[in-house]
Amino acid sequence: MSRFSNLGHRLYQGEVSFDFVGRRKLWYSISGVIVLVAAVGLAMGLHLGIEFKGGSVYTVSKPGLSVSQAQDAADKIVSSHPLVQSVDEGKKIRIQVSSEDSVSSSVFTDKLSKELSVPVAEIDTQVIGPSWGEQISKKALTGLIIFMILVTAYLAIAFEWRMAVAALVALIHDLLITIGVYALVGFEVTPGTVIGFLTILGYSLYDTVVVFDTVKENTKGLAKQNKLTYSEAANAGLNQTLVRSLNTTVVALLPVAALLFIGGGLLGAGTLNDISLALFIGLAAGAYSSICVATPLLAQLKEEQPEMKALRKRVLQHRAAAAAKSAAAGEGEEIADEDLPAGMVGQRGRSAGTSRAKGRPSTKR
């Protein structure tokens, strides 16, 4: 832990630097492949829950009844392979039958009663129409659109429009990946899933805004100097918040992972999977996008500005002049810290020491 803390300090001081912004083509390629796979999953279709496509829910109360027994009985009645779950700490069995099946609820109840040897009175029947899920979907979509408009406006005012565009692209990136994973793994989309989708929006933006705030501080008055380009200053800000972003992500993922893998996987509480998978994928994608998508995209947009192009030209000329001056003065001449790009200051002593060693006479005879 102390090593990790020391790494965070060295990243903040610029002694160590990972070139995330300079490798943006690599990150874009990785994101492109992931989004493409997610798009293939979406083309295959989402596994919508009964709340969205309608159907019937049958709750059977019978001590000792297992999920496999109820599943076998339901499969004999309908061909759509109904979803069977254990509820109320195993005291009841819940069977979901899609509206696509032509069997009426009364017929299904009678046949299920005979298959399981359960009185009809012990089978609770609930018919759900698709209109309820349709209303939820429309409200969620409306809320999502309003949310994105407000967030874009806020970021454009508090920061600038380029940061708003980069944050919005990262947000859409996270949503596509999360929804695509749902389609690929075949998890059922329920109202809990929609809640999970909406929850990850706030986290993804929070992580991105934290990075952007540091980048904004690092690039204030940047055009007045000739030592750093915008991409280098943005990358330095990203490195300063890197450990914080990783810590926040790990702390957020731990309880979600417990819900998903322990609650839903080991303990069999399938209803936890609805929201936990969306949160787990969304939180991980949000941390990745804030580091490898949003900031590199912001730097790319900023580098297209005329003043930033002029700055890059001045920085390169300044470094070329410093290198030529050092070469003319001899190998033993040290380059000043202010002539080094960010992340290379810690290497000055090592380089200078090597140069001095080259000019020192040997003591061997």
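Here the structure is a predicted model, which means the values were calculated and not measured. (Residues numbered from 1 in each chain as written. Predicted model: local features only at pLDDT ≥ 70, side-chain atom pairs only at ≥ 80, totals over all residues. Heavy atoms only, no water.)

### Examining the sheet that holds strand E4 (residues 92–98)
Pairing in this open sheet of 4 strands is antiparallel, and the strands run E3-E4-E2-E5 from one edge to the other. Pairing within the sheet leaves two strands with one partner each, and these edge strands are strand E3 (83–87) and strand E5 (123–128). Strand-to-strand twist across the sheet, computed as the mean angle between neighbouring axes with direction ignored, equals 20°. Strands in contact with helix H4 (residues 67–77) are E3 and E4; relative to E3, the strand with the most contacts, it is inclined by about 150°. Strands in contact with helix H5 (residues 105–116) are strand E2 (55–61), E4 and E5; relative to E2, the strand with the most contacts, it is inclined by about 30°. (Pairing = 2+ DSSP bridges. Helix = DSSP H or I, 4+ residues; strand = E, 2+ residues; numbered from the N terminus. Axes fitted to C-alpha atoms, helices over the stretch in contact; angles between N-to-C directions. Contact = heavy atoms within 4.5 Å.)

### A look at the packing of helix H8 (residues 191–218) against helix H11 (residues 273–303)
Between H8 and H11, the shortest axis-to-axis distance is 8 Å and the interhelical angle comes to 25°. By the angle class used here, H8 and H11 are roughly parallel. The handedness of the crossing between H8 and H11 is right-handed. Its residues assigned to classes, the contact of H8 with H11 shows 14 nonpolar, 11 polar and 2 charged. (Parallel < 35°, antiparallel > 145°, perpendicular 65-115°, else oblique. Left-handed = near helix turned anticlockwise from the far one by under 90°. Nonpolar A, V, L, I, M, F, W, Y, C, P; charged D, E, K, R; others polar.)

### Topic: the environment of lysine 111
With respect to the helices and strands, the residue lysine 111 is situated in helix H5. For lysine 111 and lysine 76, which are 35 residues apart along the polypeptide, the C-alpha to C-alpha distance reads 9.2 Å.

### Here's the deal with unusual backbone geometry
Glycine aside, the phi torsion of most residues is negative, and most peptide linkages are trans. Even without being a glycine, serine 117 presents a positive backbone phi close to 55°. With respect to the element layout, serine 117 can be found in the loop between H5 and E5. Classification of serine 117 as exposed rests on a relative accessible area of 60%. (Buried < 20%, exposed > 50% of the residue type's maximum accessible area, 1.4 Å probe, protein only.)

### Focus on the confidence of the model for the chain
Taken over all residues, the pLDDT of the chain has a mean of 79, while the share at 70 or more is 81%. Of all helices and strands in the chain, the one with the weakest mean pLDDT is helix H13 (residues 348–359) (40), whereas helix H2 (residues 24–44) scores best (90). Note on residues 339–365: pLDDT under 50 across the span, and 23 contacts to partners over four residues away in sequence or across chains. (pLDDT = per-residue confidence, 0-100.)

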